[in-house]
Amino acid sequence: MAPQTKQLHSEYVRGLKREKRLVRLTQLAILILFFAAWEYLAAQRILDPLLFSSPTRVWNLLMLRVSDGSIFVHSSVTLFETILGFILGTVAGTGMAAMLWWSRFLSRVMDPYLVVLNSMPKVALGPILIVGLGPGFTSIIAMGALISVIITTIVVYNAFREVDENYVKVIRSFGASKQRSFFSVVLPASFPTIISTLKVNVGLAWVGVIVGEFLVSKQGLGYLIIYGFQVFNFTLVMMSLLVIAVLATLMYQLVELLERKLMKHRA
Amino acid sequence: MLLLTALLEFRDVEKTYFTKTSMTEAISGLNFTVSRGEFVSLIGPSGCGKTTLLSMVSGLLRPTAGKVLLDGSLVERPTPATGYMLQQDYLFPWLTIRKNILIGLHTTGAYTREKEQHALNLLKEIGIGDHIDEYPSQLSGGMRQRAALVRMLATEPKLLLLDEPFSALDYQTKLKLEDLVSKTIRMHRKTAVLVTHDIGEAIAMSDRIVMLSPRPASVHRIFRVPDELKGLLPFEARNHPAFSGLFQEIWKELESFGTSNEAASQ
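Please read all numbers here as calculations on a predicted model, not as lab measurements.

Student: Which parts of the structure should I look at to understand the domain arrangement of chain B?
Tutor: Reports often express the size of an interface as the amount of accessible area lost when the parts come together. All names here are of chain B. Domain boundaries in chain B define domain 1 (6–81 + 157–261) and domain 2 (90–154). Taken over C-alpha atoms, the centre of domain 1 sits 25 Å from the centre of domain 2. Facing 15 residues of domain 1, the contacting portion of domain 2 comprises 11 residues. Of the roughly 1000 Å² buried at the junction of domain 1 and domain 2 (both faces included), carbon and sulfur atoms supply 81%. Considering only the surface of domain 1 that becomes buried against domain 2, Leu180, Thr184 and His188 emerge as the three largest contributors, covering 31% of it. Put simply, domain 1 and domain 2 have two residue pairs in polar contact (both at pLDDT 80 or more) between them. Among the elements of the structure, β7 (159–163) and α5 (171–187) are those that each provide at least two residues to the side of domain 1 that touches domain 2. If you tally residues by element for the side of domain 1 that touches domain 2, the top one is α5, at six residues. In the side of domain 1 that touches domain 2, the residues fall into 11 nonpolar, three polar and one charged.

Student: Would you mind showing me how to read the sheet that holds strand β5 (residues 73–74) of chain B here?
Tutor: In a beta sheet, neighbouring strands are held together by backbone hydrogen bonds and run either parallel or antiparallel to one another. Residue and element names in this part refer to chain B. The strand order across the open sheet formed by four strands is β2-β1-β4-β5, and the pairing between neighbours is antiparallel. The open sheet has two free edges, formed respectively by β2 (23–35) and β5, since each of these has just one partner strand. Bridge count between strand β1 (residues 6–18) and strand β4 (residues 65–70): five bridges; the pairing is antiparallel. Counted as the bridge partner of arginine 11 is lysine 67 from β4. With respect to the sheet, helix α1 (residues 50–58) is in contact with β1, β2 and β4, its orientation differing from that of β1 by roughly 120°.

Student: Got a minute to help me understand a nonpolar patch on the surface in this structure?
Tutor: On the surface, Leu50, Leu51, Phe52 and Phe232 of chain A cluster together to form a nonpolar patch covering roughly 370 Å² of accessible area. Following the sequence through the fold, leucine 50 of chain A ends up in helix α2 (residues 49–52).

Student: Would you mind going over the pattern of salt bridges with me for this structure?
Tutor: Note that side chains of opposite charge can pair when their charged atoms are close. Taken as a whole and judged by the stated rule, the model has 16 salt bridges over all chains. Taken together, the shared-partner salt bridges connect Lys174, Glu178, Asp198, Glu201 and Arg238 of chain B into one network.

Student: It is not clear to me how the pairing of strand β9 (residues 208–212) of chain B should be interpreted in this structure. Could you clarify?
Tutor: Two faces, one strand: in a regular strand the side chains alternate between the faces of the sheet. All names here are of chain B. Counting buried positions along β9 yields five of five residues, so the element is predominantly enclosed. Burial of the side chains of β9 extends over both faces: Arg208, Val210 and Leu212 are buried on one face and Ile209 and Met211 on the other. Here strand β3 (residues 39–43) pairs with β9 via four bridges, running parallel. Looking across to β9, one finds that isoleucine 43 is bridged to methionine 211. Connecting β9 to the antiparallel partner strand β10 (residues 219–224) that follows it, the hairpin turn spans six residues.

Student: Explain the sheet that holds β3 of chain B to me, please; I cannot follow it from the model alone.
Tutor: All names here are of chain B. The strand order across the open sheet built from six strands is β6-β7-β8-β3-β9-β10, with neighbouring strands paired in mixed fashion. The sheet terminates laterally at β6 (82–85) and β10, the two strands that pair on one side only. Neighbour-to-neighbour, the strand axes of the sheet open up by a mean angle of 20°, direction not taken into account. For β6 and β7, the ladder comprises four bridges, and the chain directions are parallel. Within β7, the position partnered with methionine 85 by the bridge is leucine 162.

Student: Would you mind showing me how to read the nonpolar core here?
Tutor: Counting residues in each nonpolar core, the largest one holds 57 residues, and the members touching the most others are Phe160 of chain A together with Leu8 and Phe10 of chain B. With residues near it in sequence (within four places) discarded, leucine 8 of chain B still touches Phe32, Thr33, Val34, Val57, Val68, Leu69, Leu70, Leu159 and Val193 of chain B. Within the second largest apolar cluster, 34 residues are counted, among which are Ile101, Leu120, Leu160 and Leu180 of chain B.

Student: What's the story with the packing of aromatic side chains in this structure? I'm lost.
Tutor: Describing an aromatic ring pair means giving the distance of the ring centres and the angle of the ring planes. Overall, the coordinates contain 17 aromatic pairs over all chains when judged by the stated rule. Aromatic side chains phenylalanine 92 of chain B and tryptophan 94 of chain B sit 5.2 Å apart centroid to centroid with 20° between the ring planes, which places their arrangement in the stacked category. The residues phenylalanine 92 of chain B and tryptophan 94 of chain B share a single accessibility class, namely buried. Lying over the aromatic face of tryptophan 101 of chain A, lysine 178 of chain A brings its terminal NZ or CZ to 5.4 Å of the ring centre. Of note, lysine 178 of chain A hangs over the ring of tryptophan 102 of chain A, and the distance from its end group to the ring centre comes to 5.3 Å.

Student: What am I meant to see in the side chain of serine 55 of chain B here?
Tutor: With respect to the helices, strands and loops of the structure, serine 55 of chain B is situated in helix α1. With sequence-adjacent residues up to four places away left out, serine 55 of chain B is seen in contact with Lys169 of chain A together with Leu60, Leu61 and Tyr84 of chain B.

Student: When you look at the packing of helix α6 (residues 126–133) of chain A against helix α7 (residues 137–161) of chain A in this model, what are you seeing that I'm missing?
Tutor: The relative placement of two packed helices is expressed as an angle between their axes plus a distance between the axes. All names here are of chain A. One way to put it is that α6 packs onto α7 with a least axis distance of 9 Å and a crossing angle of 140°. Classed by the angle they form, the pair α6 and α7 counts as oblique. Remark: the crossing between α6 and α7 carries right-handed chirality. Counted together, Gly126, Leu129, Ile130 and Leu133 of α6 and Thr138, Ser139, Ala142, Met143 and Leu146 of α7 form the full contact between these two elements. Class assignment for the residues of the contact of α6 with α7 results in six nonpolar, three polar and no charged.

About the cut-offs
- Residues numbered from 1 in each chain as written.
- Chains lettered and ligands numbered in written order.
- Predicted model: local features only at pLDDT ≥ 70, side-chain atom pairs only at ≥ 80, totals over all residues.
- Heavy atoms only, no water.
- Domains from an automatic or database assignment.
- Contact = heavy atoms within 4.5 Å.
- Buried area = accessible area lost by both parts, 1.4 Å probe.
- Polar contact = N/O pair within 3.5 Å; in protein donor to acceptor, adjacent residues only side chain to side chain.
- Helix = DSSP H or I, 4+ residues; strand = E, 2+ residues; numbered from the N terminus.
- Nonpolar A, V, L, I, M, F, W, Y, C, P; charged D, E, K, R; others polar.
- Pairing = 2+ DSSP bridges.
- Axes fitted to C-alpha atoms, helices over the stretch in contact; angles between N-to-C directions.
- Patch = residues over 30% accessible without salt bridge, like charges linked within 9 Å, V, L, I, M, F, W, Y side chains within 5 Å.
- Areas by Shrake-Rupley, 256 points an atom, 1.4 Å probe, with all protein chains shown as cover.
- Salt bridge = Lys/Arg side-chain N within 4 Å of Asp/Glu carboxyl O.
- Buried < 20%, exposed > 50% of the residue type's maximum accessible area, 1.4 Å probe, protein only.
- Core = buried A, V, L, I, M, F, W, Y, C linked by side-chain atoms within 4.5 Å.
- Phe/Tyr/Trp six-rings, centres within 6.5 Å; stacked < 30°, edge-to-face > 60°.
- Lys NZ or Arg CZ within 6 Å of the ring centre and 35° of its normal.
- Parallel < 35°, antiparallel > 145°, perpendicular 65-115°, else oblique.
- Left-handed = near helix turned anticlockwise from the far one by under 90°.

Listed below in structure tokens is the structure:
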């Protein structure tokens with residue numbers, strides 16, 4: 001019986017591997033098909049190449065921009081703004097959540113304001129930010145942060161409140177102060193929620209920064225998009241979009257890596 | 001040993017909970033003492049305020065009236081003098097067993113190398129010395145509850161408060177842990193107050209059993225566990241001929257509170 005079972009197991013493992021390979025292959029096929037169809041349709045003039053460009057044009061432009069180095073300038077500006085906006089939004093949101101957790105009075109007072117601010121489309125505040133902070137990267141970072149800070153506050157505050165009170169009881173029974181209980185128990189117990197808001201905030205920060213760059217129009221991938229749109233250079237628009245897709249995915253993957261590292265021991 | 005001096009004393013303790021629409025009197029006119037080195041169990045109908053009582057001893061709750069005295073001084077806030085063990089282990093899942101059992105020492109600021117060593121020795125003594133660098137999720141329920149016991153003992157409290165610490169375990173693990181906890185507590189000459197639903201557990205582990213009345217709770221009756229049972233381990237005590245007599249007595253007394261409590265009991 002034993003060798004037979006062993007064989008069944010190895011068949012099972014092979015089945016799993018086969019399925020995984022099939023998934024990867026299909027994913028790759030979709031990608032290739034997409035670009036091939038795009039190229040073909042543009043070459044046949046079924047898609048207007050003036051509006052939709054084509055993969056070869058985008059690629060050539062990208063190579064040009066890589067060789068003159070300008071793509072790195074724009075990418076790094078946008079990346080810098082996004083990362084800073086993302087970190088600021090998350091840290092400020094978590095800090096505000098901690099304040100609300102600390103004071104029940106404050107949290108009751110703030111409740112309606114948070115509801116209003118959360119419902120508000122934050123990008124609509126763009127012009128005000130530019131007037132207040134000047135048409136530079138400060139406004140753009142502020143936009144990246146603002147877009148995620150309220151939702152982070154609300155979600156993380158709820159996580160703080162939902163920490164099992166028995167954990168707090170354990171630490172309090174040792175005579176821990178409120179501050180100590182917060183840092184030893186409430187905050188680490190909420191890490192899973194904070195990490196999952198990080199994942200949402202990565203996406204939000206990109207939205208805020210790109211819209212900010214649309215408005216400020218000086219530098220960055222958002223600027224390239226709006227510029228390409230205005231001079232009818234859609235090859236530039238498409239190239240910027242592709243670069244954004246790659247960078248945003250990489251950032252998201254990094255957060256997932258962090259999540260896996262931090263969550264390793266939680267059941 | 002100063003066996004006869006009281007370590008813990010309740011003096012006319014009252015506790016009332018307030019909500020917007022009602023006042024609930026949980027405890028009223030409660031008086032009793034626990035001597036140094038004694039093991040006392042609290043039993044009573046469900047919802048009679050046993051956990052409230054422990055919370056007041058630990059300083060997590062203040063009585064509405066009356067006094068809770070620990071070693072002669074008023075309990076006003078949580079202190080390292082009392083250790084608390086809950087129904088479940090509540091080990092912090094993000095810390096290793098080592099860090100979990102040292103958290104009390106770090107919190108009270110009493111951490112020293114010697115105390116860490118003492119805690120690690122306790123861990124070995126209790127049979128989970130091989131798991132110090134593992135995370136709680138890697139341990140079984142019984143092992144986790146043992147780690148929780150060590151976490152409580154690491155700060156060397158004078159008084160141990162056990163709030164149904166075995167109720168979440170399967171029966172076999174529970175019997176084994178009763179023996180282990182009982183042995184450990186006796187060896188370290190600790191005073192303990194155990195809250196339990198389980199009459200057998202109360203008899204097997206304690207020197208005295210305090211039965212509380214239904215809400216508002218006060219002392220209904222105190223049972224002395226016969227000397228021939230006291231010296232035994234809980235498992236042996238459960239098999240002793242004197243065990244079932246006391247069990248019946250306590251059972252009848254609990255039944256006398258009437259069927260009104262039955263709906264609330266599990």
